[in-house]
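Next come the chains, spelled out residue by residue.
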Amino acid sequence: MDAADDEELLIERIRALTSPLAPEPTSAEARLAPLTAIRAVLFDIYGTLVISGCGDIGLTASTRAQSPFVEAWTAAGLPAERLPPGFDGPAALTAQIRADHARSRAAAVEHPEVDILAMWRALLDALGIEPDLSTLRRLAVEYELRTNPVWPMPGLGDIVKTLAGRGLVLGVVSNAQFYTPLMLRAFLGRPMDAAGFDPRCCAWSYRQGVAKPSTDVYGPALAGLREHHGLRPEAVLY
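Residues numbered from 1 in each chain as written. Predicted model: local features only at pLDDT ≥ 70, side-chain atom pairs only at ≥ 80, totals over all residues. Heavy atoms only, no water.

1. So, the pairing of strand β5 (residues 197–204)
- Burial of β5 is extensive: six of the eight residues sit out of reach of the surface.
- Note: strand β4 (residues 169–174) against β5, four bridges, orientation parallel. Bridge assignment links Val172 to a residue of β5, and that residue is Cys202. (Buried < 20%, exposed > 50% of the residue type's maximum accessible area, 1.4 Å probe, protein only. Helix = DSSP H or I, 4+ residues; strand = E, 2+ residues; numbered from the N terminus. Pairing = 2+ DSSP bridges.)

Spelled out as structure tokens, the structure:
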């Protein structure tokens, strides 16, 4: 399967594994003071553009049901007989993530981020399984959407279309994994760049190995705004 077909399959699975969610109202009072001289908007994803059942991305919770793990394993085409009796998949994945975080903190990374594909590969390596990249990606998507349900925020497509139509530069700064842009593509009905996002102004935590609240995450997006649009941070709404 080539890369394009693999992405289309994953987008199809994202749509199949998602169903409507309603956002929970906040107790905050709206303050709608006009902001002047704004020329770019950078969005967070989870809890902003997308409703997240867990409130954010991440597989660090120590209590995850075993059934979604087994379902994801089977859906990815991995043989059930390769799971040892009594194997606690969620705990094993969490252990891989925590070990990676510990290595990053030892290297002075205060808020580390993992590449979830590397975590899944390490888990499968420990079981003596050598999956191809397509299987790894499928497994990660199948498990994530079973444990962290997502749905577009009301008005997602409208706000993106409106802001892009006004000529504003759009980008992203988000704690994210490889499937996050695919999820947005599934919800928007087209690739992010076609919807109006400038990929040069998008920063994804998994690519940098560092997560919010570290301000280091913003670096690639701010560099893109400066180098390609001549914009300083004071012209940006986040």
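Next comes the rest of the account.
2. Details of the pattern of salt bridges
- Enumeration over the complete set of coordinates arrives at twelve salt bridges.
- Taking the shortest distance from any N to any O, the salt bridge between Glu8 and Arg185 comes out at 2.5 Å. With Glu8 in helix α1 (residues 3–17) and Arg185 in helix α7 (residues 179–188), the pair connects residues that are 177 residues apart, well separated along the chain.
- Its salt-bridge partner being Arg103, residue Asp100 comes within 3.4 Å of it at the nearest N-O pair. Highlighted residues: Asp100 and Arg103, both in helix α3 (residues 89–106), separated by three residues, approximately one helical turn. (Salt bridge = Lys/Arg side-chain N within 4 Å of Asp/Glu carboxyl O.)

3. Some thoughts on the environment of Leu9
- In this fold, Leu9 is placed in helix α1.
- Given the relative accessible area of 24%, Leu9 is considered partly exposed.

4. A word on the confidence of the model for the chain
- Chain-level statistics for the chain give a pLDDT mean of 94 and a share of 95% at 70 or above.
- Here residues 59–63 is modelled with pLDDT under 50, and outside its nearest four sequence neighbours on either side it reaches 15 contacts, counting other chains as well. (pLDDT = per-residue confidence, 0-100. Contact = heavy atoms within 4.5 Å.)

5. Digging into the pairing of strand β1 (residues 40–43)
- Here β1 shows two buried faces, one formed by Ala40 and Leu42 and the other by Val41 and Phe43.
- In this structure, β1 lies alongside β4, joined through four bridges in parallel fashion. Considered in β4, the bridge of Phe43 is made with Val172.
- In this sheet, strand β6 (residues 236–237) lies alongside β1 in parallel orientation, the contact comprising two bridges. Among the inter-strand pairings, Ala40 is bridged to a residue of β6, identified as Val236.

6. Topic: helix α10 (residues 219–229)
- By the burial criterion, the buried members of α10 are Ala221, Ala223, Gly224 and Leu225.
- In this structure, the buried side of α10 is in contact with β1, β4, β5 and β6.
- Remark: Gly230 follows α10 within two positions and exhibits a positive phi of approximately 65°.

7. Regarding the packing of aromatic side chains
- Scanning the model with the defined rule gives nine aromatic pairs in all.
- With 6.2 Å between their ring centres and 70° between their planes, Phe43 and Phe197 make a pair best called edge-to-face. Here Phe43, found in strand β1, pairs with Phe197, found in strand β5; they are 154 residues apart in sequence, far enough to count as distant.
- With relative accessibility at 4%, the residue Phe197 sits in the buried group.
- Between Trp120 and Tyr143 the ring centres are 5.5 Å apart and the planes differ by 80°, which places this aromatic pair in the edge-to-face class. Note that Trp120 is positioned in helix α4 (residues 116–126) and Tyr143 in helix α5 (residues 133–147), a separation of 23 residues in sequence. Each member of the pair, Trp120 as well as Tyr143, is classed as buried.
- Joined through ring pairs, the aromatic side chains of Phe69, Trp73, Phe87, Trp120 and Tyr143 make up one cluster. (Phe/Tyr/Trp six-rings, centres within 6.5 Å; stacked < 30°, edge-to-face > 60°.)

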